2 protein chains.
Amino acid sequence: MTPGTEIQVHRYSAARVGPDDFRLVETEIPDPAPGQVLVRNTWTSVDPGLRLRLRAEAPAGYFVSFPLDRSMDGILTVGEVIASAADGFEVGDTVWHSLGWRSHAVVDAGAEAMNGVGNLRVLDVGRFPAQWYLGPLGAMGLTAYAGLSVAGALGGGERVWVSAAAGAVGTLATQIALKLGHEVVASAGSEEKVGWLSGLGATAFNHHHQPPAEALAQVAPDGIDVYFDNVGGDHLEAALEAMRMFGRIALCGSVSEYESAPSGPRNLFLATAKHLTLTGFRGSLHLDLLEEMQCRLGGWLLDGSLSYPETVYEGLAQAPQALADMLAGRTTGKTLVRL
Amino acid sequence: MTPGTEIQVHRYSAARVGPDDFRLVETEIPDPAPGQVLVRNTWTSVDPGLRLRLRAEAPAGYFVSFPLDRSMDGILTVGEVIASAADGFEVGDTVWHSLGWRSHAVVDAGAEAMNGVGNLRVLDVGRFPAQWYLGPLGAMGLTAYAGLSVAGALGGGERVWVSAAAGAVGTLATQIALKLGHEVVASAGSEEKVGWLSGLGATAFNHHHQPPAEALAQVAPDGIDVYFDNVGGDHLEAALEAMRMFGRIALCGSVSEYESAPSGPRNLFLATAKHLTLTGFRGSLHLDLLEEMQCRLGGWLLDGSLSYPETVYEGLAQAPQALADMLAGRTTGKTLVRL
């Protein structure tokens, strides 16, 4: 037995989630049984999609709800193996797995987690900092890369709009699209973020200063070909308005609607009028692209041509505050908790 | 000069369109100039999409608004050439073109109309009744066929839901999907229509008796793969709910929202959760499929295995009433006016 701590959901909040909706709980971690490893977690992930699981019913087809007063399973996490009873895993290995928001985890080496993205896996930390596997070399990179791929935008030469472009996925989608030869319009919610995005080479605007429809009419008066949607709501409506014929929309997330009643795009008929395709997707369903993505993004990270901002919170107790800050737009790039 | 008549839009109605929104006007038809033909129209088309053009501003990318107190251009029509000054067109030829809702039209043989679908074209009326070219062998057939094609449902073996399935496009989409080996759920707004659809082999329900979400949960408890949307609104929300993973939605029309403020599907996030693709399309953008479609549907019509109901109004003056009746769900199959 090892003493540990974990975060549990105390109640489901109907409005903005906050630290009071969680509890930090002391636990006792059993020794690993055959086929298991004991991991001391070192980094854990904070993602917008977690908000959708902080309800009695998560959207059908999505990851399941977090139960009340129990461990939160299905959150990507990095850690170090401190005891192993599974072939292929040694004490000292750095791994990723899906039992985050806790200090220690006993992980079943053969278990399938989160469509395979969350399966226990040894990481190459000789080349890359471990926490990058929670960002550009992990689910965030996969989501950005797959999103551009499913949107049919990997060929280059089109105009792509990325919303929440200073977020964990948005920073990557913006830069991947630029590298692949697209013209990128990037939106975010602060002047600081907009300045950073402009520095990358995107045409950036602040959606708190100007409604997206108005901003797009100015910066892209002849329209956009691809929209990478992280926001939903008025952003998605603005995109439908601005799309050129045969445009494509990658529906990655709709963070503007996670803490309120979603309204739906009132101008969806424009999809019929302009022959648009909207494709919902999750990075975890494109595990086949993981190696290709890691190879390309890893190279760009090592040569310094891909920027990867992080907002880091110290200590497991800060995870709920990190989530609340991220949902409110107060973090930049990947939001992480260091344990 | 030939004396003629035409329907003109008198005013744009904010609510339900009716005969008072139009005027029947006497006209003088000029003789055809070189490159033109004079056509006496015999059948003219009544389509839900016309409603979207009875506004000051039609949806961007769609066909333009009908101007007030002028000819209504861009409505598919069949007629007989009564004078020709254009190569390739002889007096007595039956043709289609896009200058409908009028008794006669002078048509420029070289003009591009309605993405090419409306170009002047000689019809093979030895094999088929002329008005079928306004239905299964024309834009309706193309829309149904292309819709199943863009939705990726032409392979067969899936469960397809077709809404407004007793309408001009719906009757064809339903039967094409059945012929291609799909299981078809079909919805319509009367017991008579539901009975007819059941007779074809579809699992049919009446959306006036039961909300679509509830009906789908009963008749397709394990979900649908493809939704052919002619209705929008609560039908589209029900489809998003019922879709299986990797499902596809063909956005053909949303007739429930043409005469009111559209609301948009509030559960669009399910597209992300379930990796759904929504593709808007118009038959007129798939002119490349016209010959293939005519060949297949023409064969099925001749061998009697494809049913094609029509609701026919007599005389040009009835066209506005026909449109109002069709939008209110009082017609079955293709709505036509015989001149």
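Just so it is clear, the model here is predicted, and its values are computed rather than measured. (Residues numbered from 1 in each chain as written. Chains lettered and ligands numbered in written order. Predicted model: local features only at pLDDT ≥ 70, side-chain atom pairs only at ≥ 80, totals over all residues.)

### Some points on the overall build of chain A
Broken down by element type, chain A carries eight helices and 15 strands. In terms of C-alpha radius of gyration, chain A reaches 20 Å, essentially the compact-globule figure of 20 Å for 339 residues. Put simply, chain A has 339 residues, and 54% of those count as buried. Put simply, 67% of the contacts in chain A that link residues at least 6 apart link residues at least 24 apart. (Helix = DSSP H or I, 4+ residues; strand = E, 2+ residues; numbered from the N terminus. Rg over C-alpha atoms; globule rule 2.2 N^0.38 Å. Buried ≥ 20, exposed ≤ 12 C-beta atoms within 10 Å, placed from the backbone. Contact = placed C-beta atoms within 7 Å.)

### A closer look at the sheet that holds strand 11 (residues 224–229) of chain B
Sheet architecture is open: twelve strands sit in the order 10(A)-9(A)-8(A)-11(A)-12(A)-13(A)-13(B)-12(B)-11(B)-8(B)-9(B)-10(B), paired in mixed fashion. Edge positions in the sheet fall to strand 10 (203–206) of chain A together with strand 10 (203–206) of chain B, since each of these pairs with one other strand and no more. Pairs of neighbouring strands in the sheet enclose a mean axial angle of 15 degrees, with direction left out of account. Along the sheet, helix 2 (residues 168–179) of chain A contacts strand 8 (159–162), strand 9 (183–188) and strand 11 (224–229) of chain A; its crossing angle with strand 8 of chain A, the most-contacted strand, is approximately 170 degrees. On top of the sheet, helix 5 (residues 233–242) of chain A reaches strand 8, strand 11 and strand 12 (243–251) of chain A; it is set at about 165 degrees to strand 11 of chain A, its chief contact. (Pairing = 2+ DSSP bridges. Axes fitted to C-alpha atoms, helices over the stretch in contact; angles between N-to-C directions.)

### Some details on helix 8 (residues 319–327) of chain A
Residue and element names in this part refer to chain A. Here helix 8 lies mainly inside the structure; seven of its nine residues are buried. If you check which residues of helix 8 are buried, you get Ala319, Pro320, Ala322, Leu323, Ala324, Met326 and Leu327. The elements touched by buried residues of helix 8 are strand 1 (2–9), strand 2 (22–29), strand 3 (36–46), strand 14 (310–314) and strand 15 (334–338).

### Points about the relation of the copies chain B and chain A
You can overlay chain B on chain A at an RMSD of 0.0 Å; the transform is a turn of 180 degrees with a shift of 0.0 Å along its axis. Each copy turns onto its partner about a two-fold axis. Closest approach to the rotation axis among the C-alpha atoms of chain B is made by Gly264 of chain B, whose C-alpha sits 2.2 Å away. When the interface residues of chain B are mapped onto chain A, 100% of them again lie at the interface, so the same face is used by both copies. (Least-squares fit on C-alpha atoms with pLDDT ≥ 70 in both.)

### Focus on the interface of chain B and chain A
The interface is formed by 30 residues belonging to chain B together with 31 residues belonging to chain A. The leading source of residues in the side of chain B that touches chain A is helix 6 (residues 269–274) of chain B, at six residues. The residue inventory of the side of chain B that touches chain A, partitioned by class, reads 17 nonpolar, ten polar and three charged. Relative to strand 13 (residues 277–280) of chain B, strand 13 (residues 277–280) of chain A runs antiparallel, the two being bridged by three bridges. Its bridge partner being in strand 13 of chain B, Thr279 of chain A is matched across the sheet by Thr277 of chain B. (Nonpolar A, V, L, I, M, F, W, Y, C, P; charged D, E, K, R; others polar.)

### Examining helix 4 (residues 212–219) of chain A
For an α-helix the count is 3.6 residues per turn, leaving residues at separations of three or four pointing the same way. Residue and element names in this part refer to chain A. Listed in full, the buried residues belonging to helix 4 are Pro212, Ala215 and Leu216. The buried residues of helix 4 occupy an angular sector of 100 degrees when the element is viewed end-on, so they sit on one face. Next to the buried residues of helix 4 lie strand 9, strand 10, strand 11 and helix 5. (Arc of directions from axis to C-beta.)

### Considering the domain arrangement of chain A
Residue and element names in this part refer to chain A. Partitioning chain A into structural domains gives domain 1 (2–135 + 308–338) and domain 2 (139–284). Between domain 1 and domain 2, the C-alpha centre-to-centre distance is 28 Å. In this assembly, 20 residues from domain 1 lie in contact with 13 residues from domain 2. (Domains from an automatic or database assignment.)

### Considering the nonpolar core
Soluble globular proteins tend to pack their nonpolar side chains together in the buried interior. In this structure, Ile224, Phe228 and Ala239 of chain A together with Phe228 and Ala239 of chain B are the most contacted members of the largest nonpolar core, which totals 221 residues. In this view, Phe228 of chain B contacts Gly147, Leu148, Ala151, Val160, Trp161, Val162, Ala173, Ala250 and Cys252 of chain B; residues no more than four positions away in its chain are not counted. (Core = buried A, V, L, I, M, F, W, Y, C linked by C-beta atoms within 7 Å.)

### Digging into the pairing of strand 11 of chain B
Residues and elements named next belong to chain B. Counting buried positions over the six residues of strand 11 gives six, a clear majority of the element. Of the pairings in the sheet, the one linking strand 8 (residues 159–162) to strand 11 comprises three bridges and is parallel in character. Opposite Trp161, over in strand 11, you have Tyr227 as the bridge partner. As paired strands, strand 11 and strand 12 (residues 243–251) are joined by five bridges and run parallel to one another. Residue pairing across strands places Phe228 opposite Ala250, the latter belonging to strand 12. Taken together, strand 11, helix 5 (residues 233–242) and strand 12 form a β-α-β motif whose crossover is right-handed. (Right-handed = clockwise from strand over helix to strand, strands pointing away.)

### Examining the packing of helix 1 (residues 139–150) of chain A against helix 7 (residues 290–302) of chain A
Residues and elements named next belong to chain A. Contact geometry for helix 1 and helix 7: axes closest at 10 Å, N-to-C directions at 100 degrees. Our classification of the angle between helix 1 and helix 7 gives roughly perpendicular. Mapping the contact onto sequence places Gly141, Leu142 and Tyr145 in helix 1 and Leu290, Met293 and Leu297 in helix 7. (Parallel < 35°, antiparallel > 145°, perpendicular 65-115°, else oblique.)

### What to know about unusual backbone geometry
Residues and elements named next belong to chain A. Phi at Asn115 takes a positive value of approximately 55 degrees, unusual for a residue other than glycine. Within the secondary structure layout, Asn115 lies in the loop between strand 6 (104–108) and strand 7 (121–122). The class for Asn115 is partly exposed, based on 14 C-beta atoms found within 10 Å.

### Observations regarding the environment of Val91 of chain B
Residue and element names in this part refer to chain B. As for its placement among the helices and strands, Val91 is situated in the loop between strand 4 (77–84) and strand 5 (94–97). Through-space distance from the C-alpha of Val91 to that of Pro221 is 57 Å; in sequence the pair is 130 residues apart. If sequence neighbours within four positions are ignored, Val91 has contacts with Val81, Ile82, Ala83 and Ser84.

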